[in-house]
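# Working through the structure, step by step
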Amino acid sequence: GDGVAHFAKWYYAYATSYELLRAASTSILAAAAIGEDPSAAAEAAVAKRVMDRYRDLVLRPDATTAALLRATDKAAAAARLDLVRTVAKAHADALPLLDASTSHVQDNAGGRAEVVVDWGGCARRVGEAAAAHERRGGVSSAAALAVT
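Each value, and the rule that gives it
Residues numbered from 1 in each chain as written. Predicted model: local features only at pLDDT ≥ 70, side-chain atom pairs only at ≥ 80, totals over all residues. Heavy atoms only, no water. Helix = DSSP H or I, 4+ residues; strand = E, 2+ residues; numbered from the N terminus. Contact = heavy atoms within 4.5 Å. Areas by Shrake-Rupley, 256 points an atom, 1.4 Å probe, with all protein chains shown as cover. Salt bridge = Lys/Arg side-chain N within 4 Å of Asp/Glu carboxyl O. Core = buried A, V, L, I, M, F, W, Y, C linked by side-chain atoms within 4.5 Å. Buried < 20%, exposed > 50% of the residue type's maximum accessible area, 1.4 Å probe, protein only. Phe/Tyr/Trp six-rings, centres within 6.5 Å; stacked < 30°, edge-to-face > 60°. Axes fitted to C-alpha atoms, helices over the stretch in contact; angles between N-to-C directions. Left-handed = near helix turned anticlockwise from the far one by under 90°. Nonpolar A, V, L, I, M, F, W, Y, C, P; charged D, E, K, R; others polar. Polar contact = N/O pair within 3.5 Å; in protein donor to acceptor, adjacent residues only side chain to side chain.

### Re the overall build of the protein
For the protein, the count of helices and strands is six helices and zero strands. Sequence-ordered secondary structure for the protein, helices as α and strands as β, is α-α-α-α-α-α. In the protein, the share of contacts with a sequence separation of at least 24, taken over all contacts with a separation of at least 6, comes to 46%. When the accessible surface of the protein is split by element, carbon and sulfur atoms take 61% of a total near 11,800 Å².

### As for the pattern of salt bridges
Within this structure, the stated rule accounts for five salt bridges. Put simply, Lys 48 and Asp 52 hold a salt bridge, and the shortest N to O gap is 2.7 Å. On the criterion of helical spacing, the pair formed by Lys 48 and Asp 52 is a turn pair, its members being four residues apart in helix α3 (residues 38–59).

### Describing the nonpolar core
Grouped together as the largest cluster of nonpolar side chains are six residues: Phe 7, Trp 10, Leu 20, Val 50, Leu 57 and Val 58. Elements supplying a minimum of two residues to this core: α1 (2–11) and α3. For this core, the element with the most residues is α3, which contributes three residues. Setting aside residues no more than four positions away along its own chain, Val 50 makes contact with Phe 7, Trp 10, Tyr 11 and Leu 20.

### Here's the deal with the packing of aromatic side chains
Tallied over the entire structure, the rule returns six aromatic pairs. On the basis of an interplanar angle of 90 degrees and a centroid distance of 5.1 Å, the ring pair of Tyr 11 and Tyr 12 is categorised as edge-to-face. Classification of Tyr 11 as partly exposed rests on a relative accessible area of 38%.

### Some remarks on the packing of helix α2 (residues 14–34) against α3
Running from amino to carboxyl end, α2 crosses α3 at an angle of 145 degrees, the nearest separation of the two axes being 8 Å. Here α2 and α3 pass one another in a crossing that is right-handed. Across the interface between the two elements, Glu 19, Leu 20, Ala 23, Ala 24, Ser 27, Ile 28 and Ala 31 from α2 touch Pro 38, Ala 41, Ala 42, Ala 45, Val 46, Arg 49 and Val 50 from α3. A per-class count over the contact of α2 with α3 returns eleven nonpolar, one polar and two charged.

### Some thoughts on the side chain of Ser 27
Within the secondary structure, Ser 27 sits in helix α2. For Ser 27, a relative accessible area of 13% translates into the label buried. Of note is the side chain of Ser 27, whose polar atom sits 3.4 Å from the backbone nitrogen of Ala 42.

### Remarks on the packing of α1 against α3
At a closest axis distance of 8 Å, the pairing of α1 and α3 adopts a crossing angle of 150 degrees. Considering how the two elements wind past one another, α1 and α3 form a crossing that is right-handed. Of α3, the residues touching α1 (which contributes Gly 3, Val 4, His 6, Phe 7, Trp 10 and Tyr 11) are Arg 49, Val 50, Arg 53, Tyr 54, Leu 57 and Val 58.

What follows is the structure, given as structure tokens:
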């Protein structure tokens, strides 16, 4: 898109050669003054300048970070909604089987049982499990559910 074209225009511009030469020269002098490898310092300074411009012109973090966060939030919300729907359907499908197969429970005379789920505790446990898994070098998909 436009970012690549802007980066190419900057990279191949006549003035960019002098900009990169200035970055290399400055880092060579600074490295020599403190006893470091001037060649490595120049290489690092030029690479940093090129990568900074690439990030700013092509990746555009100001625009893409917000868009990625919105997309991630939307995907997590959709996944959570799908999970809730799937569990609700499984519950509804299981009720007739439970009614037909349960004979050892007394009739509650029309009363309703209430189930309270500690979602915060569940999310905390999932987060702890994800963190423990990541400390071992793994990537956990459970962490995405803990965020929602």
